[in-house]
Amino acid sequence: MHEKFGSLPIKALIKPVIELAKRGVVVTKKQEIRTTEKQEDFKLANRDTILFYKAWKENDTIKYPKLAKTLTRIMNNGLDEFYVGETAKILTHFIQENGGVLSLEDLANYEVKWRRPVTFEYEGLNIISMAPPSSGGIALAQIMKSVEPYDLAKYGHNSVETIQVLAEAERRAYADRSYYLGDPDFISVPQHELLSDDYLKKRMADFSFEKATPSNDVSHGKVDIIESNETTHYSIVDQFGNAIAVTTTLNSGFGSKLFCSELGFFLNNEMDDFSSKPGVPNIYGLMGAEANAILPEKRMLSSMTPTIVEKDGQLLMSIGTPGGSTIITSVLQTILNVHTFNMTMQQAVNAPRFHHQWLPDEIRMEPHVFSKTTIKTLEKKGYIINEERSPVIGQVDAILVLPDGRLEGGADFRGDDAAVGF
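These numbers come from a predicted model, not from an experiment.

> Can you walk me through the overall build of the protein in this structure?
When its secondary structure is counted, the protein shows 16 helices and 15 strands. The C-alpha radius of gyration of the protein comes to 22 Å, within 12% of the 22 Å expected for a compact globule of 422 residues. Projecting the C-alpha coordinates of the protein onto the three principal axes gives extents of approximately 60 × 50 × 40 Å. A total of 422 residues make up the protein; the buried ones form 49% of that total. Each charge class in the protein was averaged separately, 45 positive and 56 negative side chains, and the resulting centres sit 3 Å apart.

Listed below in structure tokens is the structure:
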């Protein structure tokens, strides 16, 4: 990114992070709770004592001197430091000592890929989102294009009808996600067919407001061809109007829980985003198929959905979220909250959220925020409502460009999130 778009020296970017690692990060209450919950997992995953064995409390400061040294080497030596240098040697040795198979050759052969984003129109908006091997852009496009013929504004925000339409579109999109999506360098992703109006119209043809469509009756659609919550999202708009939406992840909470003390960071468990056994759900309950099976040098399917929205050729929103399989639906609802239901950015982020992902066949709802009448009506129509599985659905961070050009940040109260202007 720096090579292609950067205007500042790399040292100007990395030095503040190195100083922060040395100075330390103040523990929040939520972080205290999460590190306490994972103590046994840390001990199971690590042979030696790690920084996170300590029972860190709110307002404690955690310092990362080894991470600062790693970042300093990368700052001084460039990309090669991570992929072929001392850092690479330490990392591969550590992984192999802990039973892994990553080699120096693997790291040296890794290449970043530039992908063409998924772009589509929705009620006059131009939406630009993540391409495969993330499922985010295609799934978001499928859902939004499927619900476009329905008058959501008339039904009302989080009304029974709106929840039905969105949940049924989500059900069908996640079924297609499971079957068709994977790394486009290894499989043919039928993006054009999956996003065609005729195909999506057929997918919603059996939807009825009278009753739920059981997920057992919803397979993937027929087209003519032979991814904790331990995720970080940030949206930034600069003084020139440039916008980015960035999502990065370890996958589940603290990733693999394996911490490389010499380098100062956790290792991810992104292998779980592959279909390690097609037909068996991953940690988020997502079902996978052969398209996302594990192969050497293949990239796994994720749910990341960093998204930029334009209106009349101008920037309108930068948006994204952590949340595993709920990322796509959280981004979806936040965009609709602003565009369809006329909320401010903060109101849109704060609004109660729900989620359907085909399997398991249930609507997950944030607990104690949806009316009992709404829930009972949905249950009468045959929907299974689960308020237990998803105490948090996404932690959206987004920026909205107001009509007068000012920027409004929406930071999610569900996490330790913040919106800051400079």
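> Is there a simple way to think about unusual backbone geometry in this case?
Note on backbone geometry: most residues besides glycine have negative phi, and most peptide bonds are trans. Residue Pro 132 is joined to Pro 133 through a cis peptide bond whose omega torsion reads 20 degrees. The residue Pro 133 is located in the loop between β4 (125-129) and α9 (136-147) in this model. That bond from Leu 359 to Pro 360 is cis: its omega, -5 degrees, falls within 30 degrees of zero. Along the chain, Pro 360 falls in the loop between β11 (354-355) and β12 (363-365). Within the chain, Trp 358 stands out as a residue other than glycine whose phi angle is a positive 75 degrees. You can see Trp 358 is positioned in the loop between β11 and β12. A residue is classified by how much of its surface remains accessible, and Trp 358, at 12% relative accessible area, is buried.

> In this structure, what is going on with the packing of aromatic side chains? I would like to understand it.
Two measures describe an aromatic ring pair: the distance that separates the ring centres and the angle between the ring planes. In the structure shown here, the tally under the stated rule is 18 aromatic pairs. Considering the side-chain rings of Phe 52 and Tyr 64, the 6.5 Å spacing of their centres and the 45 degrees angle between planes classify their relative orientation as tilted. Note that Phe 52 is positioned in the loop between α4 (39-45) and β2 (61-62) and Tyr 64 in the loop between β2 and α5 (65-77), a separation of twelve residues in sequence. By the burial criterion, Phe 52 is buried, and Tyr 64 matches it. Taken together, Phe 42, Phe 52, Tyr 64, Phe 254, Phe 259 and Phe 266 form an aromatic cluster joined through their ring pairs. Lying across the ring of Trp 114, Lys 4 places its NZ or CZ 4.0 Å from the centre. Over the ring of Tyr 53 we find Lys 43, and its NZ or CZ is 5.9 Å from the ring centre.

> What exactly am I supposed to notice about the pattern of salt bridges here?
Side chains bearing opposite charge may pair, as long as their charged atoms lie close to each other. Scanning the model with the defined rule gives 16 salt bridges in all. Among the ionic pairs, Arg 115 bridges to Asp 185, the shortest N-O distance being 3.3 Å. Residue Arg 115 is located in the loop between α8 (104-109) and β3 (118-122), and its partner Asp 185 is located in the loop between α11 (160-180) and α12 (191-194); the two are separated by 70 residues in the primary sequence. We classify Arg 115 as partly exposed; its relative accessible area is 28%. Here Asp 412 ties to Arg 414 by a salt bridge, and the two come within 2.7 Å at their closest N and O atoms. Pair check on accessibility: Asp 412 and Arg 414 agree, each one buried.

> Where do I start with the packing of α9 against helix α14 (residues 327-339) in this structure?
To describe two helices that pack against each other, one gives the angle between their axes and the distance between the axes. Running from N to C, α9 and α14 point in directions that differ by 50 degrees, and their axes come no closer than 10 Å. Between α9 and α14, the angle is such that the two are oblique. You can see that α9 and α14 cross each other, and the crossing is right-handed. Here α9 contributes Gly 136, Ala 139, Leu 140, Ile 143 and Met 144 to the contact with α14, which in turn contributes Ile 328, Val 331, Leu 332, Ile 335 and Leu 336. When its residues are assigned to classes, the contact of α9 with α14 shows nine nonpolar, one polar and no charged.

> Would you mind going over the pairing of strand β6 (residues 243-249) with me for this structure?
Strand residues, when the strand is regular, have side chains that alternate between the two faces of the sheet. In this structure, strand β5 (residues 231-237) lies alongside β6, joined through seven bridges in antiparallel fashion. Across the sheet, Ser 235 pairs through a bridge with Ala 245, a residue of β6. Connecting the antiparallel pair β5 and β6 is a turn made up of five residues, with Gly 241 showing a positive phi of about 90 degrees.

> So what exactly am I meant to see when it comes to a negative patch on the surface here?
A surface patch of like charges, here negative, comprises Glu 105, Asp 106, Glu 111 and Glu 297. Checked against the element boundaries, Glu 297 lands in the loop between β8 (265-266) and β9 (307-311).

> Is there a simple way to think about the sheet that holds β12 in this case?
As summarised here, the arrangement of the three strands in space is β11-β12-β13, forming an open sheet in which the pairing is mixed. A strand with exactly one partner marks an edge of an open sheet, and here the two such strands are β11 and β13 (385-386). As defined by bridge partners, β12 adjoins β13 across two bridges and the pair is classed as parallel. Bridging from a neighbouring strand, Ile 363 pairs with Ile 385 of β13.

Basis of the calculations
- Residues numbered from 1 in each chain as written.
- Predicted model: local features only at pLDDT ≥ 70, side-chain atom pairs only at ≥ 80, totals over all residues.
- Heavy atoms only, no water.
- Helix = DSSP H or I, 4+ residues; strand = E, 2+ residues; numbered from the N terminus.
- Rg over C-alpha atoms; globule rule 2.2 N^0.38 Å.
- Buried < 20%, exposed > 50% of the residue type's maximum accessible area, 1.4 Å probe, protein only.
- Lys, Arg positive; Asp, Glu negative; His and termini not counted.
- Charge placed at Lys NZ, Arg CZ, Asp CG, Glu CD.
- Phe/Tyr/Trp six-rings, centres within 6.5 Å; stacked < 30°, edge-to-face > 60°.
- Lys NZ or Arg CZ within 6 Å of the ring centre and 35° of its normal.
- Salt bridge = Lys/Arg side-chain N within 4 Å of Asp/Glu carboxyl O.
- Axes fitted to C-alpha atoms, helices over the stretch in contact; angles between N-to-C directions.
- Parallel < 35°, antiparallel > 145°, perpendicular 65-115°, else oblique.
- Left-handed = near helix turned anticlockwise from the far one by under 90°.
- Contact = heavy atoms within 4.5 Å.
- Nonpolar A, V, L, I, M, F, W, Y, C, P; charged D, E, K, R; others polar.
- Pairing = 2+ DSSP bridges.
- Patch = residues over 30% accessible without salt bridge, like charges linked within 9 Å, V, L, I, M, F, W, Y side chains within 5 Å.
- Areas by Shrake-Rupley, 256 points an atom, 1.4 Å probe, with all protein chains shown as cover.

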